[in-house]
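# Working through the structure, step by step
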Amino acid sequence: MKIGLLIIDMQAIHLEDLEKKIIDRACEYINYVSDLLRSNDHVVIHVQDIEGLKESNRDLYNSVPEIQIKDKDLILTKENSNAFWKTELEQILLNQSVEFIIISGFAAEHCVLFTYNGAIERGFKPVILQNGILSNKSDVITSTYRDRNLISYPVIEYLINK
């Protein structure tokens, strides 16, 4: 089974209102899982929201430096909350033979959730990375974990080494 990790909207412009320690913690989990997947020839995709991007604010739309981007990683831009909507994401995942999608990033109640739903609508099997999502509202994280399929990094390690 081929696994894809989506790292959604981990950009300075979106994370500016969050505490650094909260960002660092999520990035630690995201980077660990990214490395684990890369080392086993799975797919890592950085999804970047470019809605509102202008030449004058281009730097704010870069991924935060805490997120590691490697040469083999793919970068996809989007202008809508659902990373599948009006993008090539579905085709990229199909071309890479990805069936199982781990979703991480910002914001749990918007882009993460809408992309999760978009994956289900297209026949993929999505899960949310435990400790790998962010929101400006702490209660949203709890409800996301309660109401969606969730995966922890030890389970990912097990699946890959099986």
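For the structure itself, look to the data block above.
What comes next concerns the included structure. (Residues numbered from 1 in each chain as written. Predicted model: local features only at pLDDT ≥ 70, side-chain atom pairs only at ≥ 80, totals over all residues. Heavy atoms only, no water.)

Moving on: the sheet that holds strand β2 (residues 43-49). Reading across from one edge, β3-β2-β1-β4-β5-β6 is the order of the six strands in this open sheet, with parallel pairing throughout. Edge positions in the sheet fall to β3 (74-78) and β6 (150-151), since each of these pairs with one other strand and no more. Pairing geometry for strand β5 (residues 125-134) and β6, over two bridges, is parallel. In the sheet register, Ile-128 faces β6, and the bridge partner there is Leu-150. Relative to β5, helix α5 (residues 138-147) is tilted by about 150°, and along the sheet it contacts β5 and β6. (Pairing = 2+ DSSP bridges. Helix = DSSP H or I, 4+ residues; strand = E, 2+ residues; numbered from the N terminus. Contact = heavy atoms within 4.5 Å. Axes fitted to C-alpha atoms, helices over the stretch in contact; angles between N-to-C directions.)

The next point concerns the packing of aromatic side chains. What the rule picks out here adds up to three aromatic pairs. Relative to Phe-124, the ring of Phe-84 lies with its centre 5.9 Å away and its plane at 25°, an arrangement referred to as stacked. You can see Phe-84 sitting in the loop between β3 and α3 (89-95) and its partner Phe-124 sitting in the loop between α4 (108-121) and β5, a full 40 residues away along the chain. The same class applies to Phe-84 as to Phe-124, namely buried. One aromatic cluster in this structure is built from Tyr-29, Tyr-32 and Tyr-153. (Phe/Tyr/Trp six-rings, centres within 6.5 Å; stacked < 30°, edge-to-face > 60°. Buried < 20%, exposed > 50% of the residue type's maximum accessible area, 1.4 Å probe, protein only.)

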